Amino acid sequence: MINEKVRNIMNEQIKHELESYYVYLSMAAWFHSQDLDGMGHWMRVQAHEETIHAMKFFDHITDRDGTVGLLDLKQEKTAWTSAEEIWKDAYAHEQFITSKIHAIMTVVRKEGDFSAEPMLNWFVNEQIEEELNTQKIWKQCQTMGKTKEGLFMLDRELAARIFPAGSPFDPLAYQQPAGV
Ligand code: OFO
């Protein structure tokens, strides 16, 4: 059975992961409104990944006989003035999420919850990648993204990100085969 303190902080993390989903979906909407569809696509894939993160915590609590209690979601920002601003925010957001994951690890260790540590280690590693990806694109925006041509080139590159199989965010995933 899951320890109550660990359950509570993981329950809160479900909210943070779903808020991440919301943040990235808003960012996708902004990019699409600016005809930066490659960046919009990248953000849609990211949004989908965040729902997977939320469900990892959801399942961990449930599998250990705990009860998930979904909390209200908060949306801080829905408009930006440039692509560079968005990528800067995305990187800052991932740093915030890393601090939350580390806070959970602190509680897990303090409570001696050996069953939670392996799944949490997955998130510790994942956050290295999350920060790296957003920071890298933010940096590219500050260099090649300064010109219109450079920004469109970067946009095209980011269109190549692949959706996890069957993602509901993938416009192609639910397309009816021809003739059906
Ligand atoms: Fe769930 O890692 Fe991003 O936010």
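Higher on the page you've got the structure.
Notes on the structure in this doc start here.

### What to know about the overall build of the protein
- Scanning the protein for helices and strands turns up 5 helices and 0 strands.
- Listing every helix and strand of the protein by position from the N terminus yields α-α-α-α-α.
- Burial status across the protein gives 43% buried among its 180 residues.
- Long-range pairs, those at least 24 residues apart, make up 78% of the contacts in the protein with a sequence separation of at least 6.
- When the accessible surface of the protein is split by element, carbon and sulfur atoms take 55% of a total near 9,900 Å².
- For the protein, the centre of its 18 positive side-chain charges and the centre of its 28 negative side-chain charges are spaced 4 Å apart.

### A closer look at the environment of Thr147
- Positionally, Thr147 belongs in the loop between α4 (117–143) and α5 (148–158).
- Residue classification places Thr147 among the partly exposed positions, given a relative accessible area of 42%.
- Reaching out from Thr147, the side chain makes a polar contact with the backbone nitrogen of Gly150 at a distance of 3.0 Å.

### Description of the packing of aromatic side chains
- Enumeration according to the criterion identifies 7 aromatic pairs in this entry.
- Here Tyr21 and Tyr22 contribute two aromatic rings whose centre-to-centre distance is 6.0 Å and whose plane-to-plane angle is 45°, an arrangement assigned as tilted.
- In this arrangement the basic side chain of Lys56 is found over the ring face of Trp122, its NZ or CZ atom lying 4.2 Å from the centre.
- Sitting over the ring of Trp42, Arg161 keeps its end group 4.2 Å from the ring centre.

### Focus on the environment of Ala29
- Locating Ala29 in the fold gives a position in helix α1 (residues 4–33).
- The class of Ala29 is partly exposed, set by a relative accessible area of 47%.
- Taking C-alpha positions, Ala29 is 8.9 Å from Arg44, a pair spaced 15 residues apart along the chain.

### Some details on the layout of surface pockets
- Taken as a whole, the largest pocket holds about 290 Å³ of empty space.
- Lining the largest pocket are 13 residues, with Val23, Gln75, Glu76, Lys77 and His93 positioned closest to its centre.
- Every element with two or more residues in the lining of the largest pocket is listed here: α1 and α3 (83–110).
- Partitioned by chemical class, the residues of the lining of the largest pocket number 5 nonpolar, 3 polar and 5 charged.
- Forming the boundary of the second largest pocket are Trp42, Leu132, Asn133, Lys136, Ile137, Gln140, Glu157, Leu158 and Arg161.
- Those elements giving two or more residues to the lining of the second largest pocket turn out to be α4 and α5.
- Split by residue class, the lining of the second largest pocket holds 4 nonpolar, 2 polar and 3 charged.

### Section: the nonpolar core
- Ranked by size, the top nonpolar core spans 26 residues in total, and within it Met27, Phe31, Met39, Met43 and Trp87 carry the most contacts.
- Elements with a minimum of two residues in this core: α1, α2 (37–63), α3, α4 and α5.
- Take this core: its biggest share by element is 6 residues, from α1.
- Residues contacting Met39, with those up to four places away along its chain left out, are Phe31, Ala83, Trp87, Cys141, Leu151, Leu154, Asp155 and Leu158.
- In terms of nonpolar packing, the next biggest core, distinct from the first, is built from 17 residues, Phe57, Ile104, Met105 and Phe123 among them.

Cut-off values and rules
- Residues numbered from 1 in each chain as written.
- Predicted model: local features only at pLDDT ≥ 70, side-chain atom pairs only at ≥ 80, totals over all residues.
- Heavy atoms only, no water.
- Helix = DSSP H or I, 4+ residues; strand = E, 2+ residues; numbered from the N terminus.
- Buried < 20%, exposed > 50% of the residue type's maximum accessible area, 1.4 Å probe, protein only.
- Contact = heavy atoms within 4.5 Å.
- Areas by Shrake-Rupley, 256 points an atom, 1.4 Å probe, with all protein chains shown as cover.
- Lys, Arg positive; Asp, Glu negative; His and termini not counted.
- Charge placed at Lys NZ, Arg CZ, Asp CG, Glu CD.
- Polar contact = N/O pair within 3.5 Å; in protein donor to acceptor, adjacent residues only side chain to side chain.
- Phe/Tyr/Trp six-rings, centres within 6.5 Å; stacked < 30°, edge-to-face > 60°.
- Lys NZ or Arg CZ within 6 Å of the ring centre and 35° of its normal.
- 1 Å grid on protein atoms, 1.4 Å probe; cavity = no way out; pocket = protein on both sides within 12 Å on 5 of 7 lines; lining within 4 Å.
- Points joined across faces, edges and corners; volume = space filled by probe spheres on them.
- Nonpolar A, V, L, I, M, F, W, Y, C, P; charged D, E, K, R; others polar.
- Core = buried A, V, L, I, M, F, W, Y, C linked by side-chain atoms within 4.5 Å.

Honestly, it's all geometry; don't read function into it.
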